[in-house]
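Results of the structural survey
Residue strings, one per chain:
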Amino acid sequence: MSKKVMIVEDNELNLKLFTDLLRAHHFVVEGVRDGRLALEQARTFAPDLIIMDIQLPHVSGIDLIEAMQKDAALSAIPVLAVTAYAGKGDEDRIMAAGAKGYLSKPVSVMKFLEAVRGIVG
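Attention here is on the structure that accompanies the text. The structure presented is a predicted model; accordingly, all values stated were derived computationally and were not measured.

**A few points about the packing of helix 1 (residues 12–24) against helix 5 (residues 109–120)**
Any two packed helices are characterised by the angle at which their axes cross and by the distance between the axes. Between helix 1 and helix 5, whose axes approach to 11 Å, the crossing angle comes to 65 degrees. In the packing of helix 1 onto helix 5, the handedness of the crossing is right-handed. Across the interface between the two elements, F18, L21 and L22 from helix 1 touch V109, F112, L113 and V116 from helix 5. Within the contact of helix 1 with helix 5, the residues separate by chemical class into seven nonpolar, no polar and no charged.

This is the structure we're talking about:
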């Protein structure tokens, strides 16, 4: 059975790229452009992995990761942070919030797929 991946990404081009790439590799994908809807969508879609942008309008991806960790229904879902927000100490803060992986944009297709497969197989 195909693994389910939810992508939380406000940039339409990045969302399309990640979605198309994962679907081409036989993942079932759902995109969420508004981070305020991410937790509700995760409960409904029940993904095997969430790919989380960190710089979102209205809400921080770090805040969403932390909220997921406190939610019994979501805490077991691994999160891969993919972000242009790549300053000193950012990776540590993102991983400390509960992310299982971190990639900085721009990210190569191969690195992206390796990171996804490294988490969900």
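**Details of the pairing of strand 2 (residues 28–32)**
Bridge count between strand 1 (residues 4–8) and strand 2: five bridges; the pairing is parallel. Paired with V8 across the bridge in strand 2 is V32. This β-α-β element, strand 1 to helix 1 to strand 2, shows right-handed connectivity.

**A look at helix 1**
An ideal rise of 1.5 Å per residue puts 18 Å on 13 residues; helix 1 measures up with 18 Å between its terminal C-alpha atoms. For helix 1, the complete set of buried residues consists of L15, F18, T19, L21 and L22. Buried residues in helix 1, looked at end-on, bunch into an arc of 170 degrees, giving them a common side. Of the residues in helix 1, the exposed ones pointing more than 90 degrees away from the buried face are E12, L13 and A24. Of the surrounding secondary structure, the elements contacted by the buried residues of helix 1 are strand 1, strand 2, strand 3 (49–52), strand 4 (79–83) and helix 5. The backbone nitrogen of L13 lies 2.9 Å from a side-chain oxygen of the residue at the head of helix 1, namely N11.

**Concerning the pairing of strand 3**
In regular strands, side chains alternate between the two faces of the sheet. Of the two faces of strand 3, the one lined by L49 and I51 and the one lined by I50 and M52 are each fully buried. Note: strand 1 against strand 3, four bridges, orientation parallel. Bridging from a neighbouring strand, I7 pairs with I51 of strand 3. Bridging between strand 3 and strand 4 involves three bridges; their strand directions are parallel. Looking at strand 4, one finds that M52 is bridged to A81. Read from strand 3 through helix 3 (residues 61–69) to strand 4, the crossover connection turns out right-handed.

What counts, and where the lines are drawn
- Residues numbered from 1 in each chain as written.
- Predicted model: local features only at pLDDT ≥ 70, side-chain atom pairs only at ≥ 80, totals over all residues.
- Heavy atoms only, no water.
- Axes fitted to C-alpha atoms, helices over the stretch in contact; angles between N-to-C directions.
- Helix = DSSP H or I, 4+ residues; strand = E, 2+ residues; numbered from the N terminus.
- Left-handed = near helix turned anticlockwise from the far one by under 90°.
- Contact = heavy atoms within 4.5 Å.
- Nonpolar A, V, L, I, M, F, W, Y, C, P; charged D, E, K, R; others polar.
- Pairing = 2+ DSSP bridges.
- Right-handed = clockwise from strand over helix to strand, strands pointing away.
- Expected span 1.5 Å × (residues − 1).
- Buried < 20%, exposed > 50% of the residue type's maximum accessible area, 1.4 Å probe, protein only.
- Arc of directions from axis to C-beta.
- Polar contact = N/O pair within 3.5 Å; in protein donor to acceptor, adjacent residues only side chain to side chain.

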